[in-house]
Amino acid sequence: MSYANVSLKQRSFGQTTRRDVWWLQPLVVFLGLSAFVVYSSWAALQGDHYSFGPYLSPFYSPEIFGSSPHNLLGPKPGWWPGWLPFSPALLILWAPGFFRLTCYYYRGAYYKAFWADPPSCAVGEPRQSYLGEHSLPLILQNAHRYFLYFALVFLGFLAHDVWKGLWFANPLTGRETFGLGVGTLVLATNVVLLAGYTLGCHSLRHLAGGFHDQISKAPICAPTYACLSCLNRRHMLWAWLSLFSVMFADVYVRLCSLGIWTDWRIL
């Protein structure tokens, strides 16, 4: 039997024998996620033009305190520090934000795109060692399962916003009448895409499977596990579509509030 001496040498950053355009996917992810972070941060700090008629931007739902008719507990509270800019989104946006930040799919996406850990498969990375998710800051990623519960609650509020988006003020009678506007469809589409993303979560599937590593040990939970697995197989697609839809829903409500777009009534 013959043996060959193989020298294992760590690649330098970006070094690879791949001949394909390996950098394209992490570049697109970097641009897409950066655009969303910049826009959502800007929109959350505005604190205005986040509602229009029966519509409420998903970035501001639920509106705990605020100036729109959708607020739950009244206007800006008196205890809010005067030096700190107030926006209803600042009170709630952290929950869905951390749910996405710790998502299993997004981890792999931004590990490559932002941290170059590694930039792509079989491509040299800029660090010599890897500590994994057992120390700070990456150990915080394990909180994903807890942010899941917040995401499910927020999904209920957003679904209720769609219901409210079906009732329009009638200036003739002074009452709300049932109707359907383009904005209603925008909010409804966003909820469907967010539901596909949230309900396909790896943590929720594990929860539905009875916390078992082998689903055969929980035959009662198997149908629910299989149902969620259908969504989980397209988790990446749901993640990107819902990311776009939640941003577009805010854009739609904002531009209608500013009078730039017209919300066409279908019914």
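See the structure above.
Keep in mind that this is a model prediction, so the values were computed, not measured.

Enquirer: Which residues make up the nonpolar core, and what values go with them?
Expert: Leu33, Phe59, Tyr60, Phe99, Tyr105, Tyr106 and Tyr197 are the most contacted members of the largest nonpolar core, which totals 31 residues. Beyond its immediate sequence surroundings of up to four residues, phenylalanine 99 is in contact with His144, Phe147, Leu148, Ala151, Tyr197, Thr198 and Cys201.

Enquirer: Describe the packing of aromatic side chains, listing the residues and the values that go with them.
Expert: Summed over the entire model, instances satisfying the criterion amount to 26 aromatic pairs. Counting every residue linked through ring pairs, the aromatic cluster contains Phe99, Tyr105, Tyr106, Tyr197 and Trp240. Positioned above the aromatic ring of phenylalanine 168, the side-chain terminus of arginine 265 is 3.9 Å from the ring centre.

Enquirer: Residues and numbers for the environment of tryptophan 240, please.
Expert: Summarising the element assignment, tryptophan 240 is placed in helix 9 (residues 235-257). Through-space distance from the C-alpha of tryptophan 240 to that of valine 37 is 13 Å; in sequence the pair is 203 residues apart. Dropping the residues within four chain positions of it, tryptophan 240 is found in contact with Val29, Gly32, Leu33, Tyr105 and Tyr106.

Enquirer: So, the packing of helix 5 (residues 144-164) against helix 6 (residues 182-199): which residues are in play, and what are the values?
Expert: Geometrically, a packed helix pair is captured by the angle between its two axes and the distance between the axes. Interaxial distance between helix 5 and helix 6 falls to 9 Å at its minimum, and their mutual angle equals 160°. Considering their axes alone, helix 5 and helix 6 lie roughly antiparallel with respect to each other. The two elements helix 5 and helix 6 cross, and the hand of that crossing is left-handed. Where helix 5 approaches helix 6, its residues Leu148, Ala151, Leu152, Leu155, Leu158, Ala159, Asp161 and Val162 are matched on the opposing element by Thr184, Leu187, Ala188, Val191, Leu194, Ala195, Thr198 and Leu199. Of the residues belonging to the contact of helix 5 with helix 6, the class tally is 13 nonpolar, 2 polar and 1 charged.

Rules of the game
Residues numbered from 1 in each chain as written. Predicted model: local features only at pLDDT ≥ 70, side-chain atom pairs only at ≥ 80, totals over all residues. Heavy atoms only, no water. Core = buried A, V, L, I, M, F, W, Y, C linked by side-chain atoms within 4.5 Å. Buried < 20%, exposed > 50% of the residue type's maximum accessible area, 1.4 Å probe, protein only. Contact = heavy atoms within 4.5 Å. Phe/Tyr/Trp six-rings, centres within 6.5 Å; stacked < 30°, edge-to-face > 60°. Lys NZ or Arg CZ within 6 Å of the ring centre and 35° of its normal. Helix = DSSP H or I, 4+ residues; strand = E, 2+ residues; numbered from the N terminus. Axes fitted to C-alpha atoms, helices over the stretch in contact; angles between N-to-C directions. Parallel < 35°, antiparallel > 145°, perpendicular 65-115°, else oblique. Left-handed = near helix turned anticlockwise from the far one by under 90°. Nonpolar A, V, L, I, M, F, W, Y, C, P; charged D, E, K, R; others polar.

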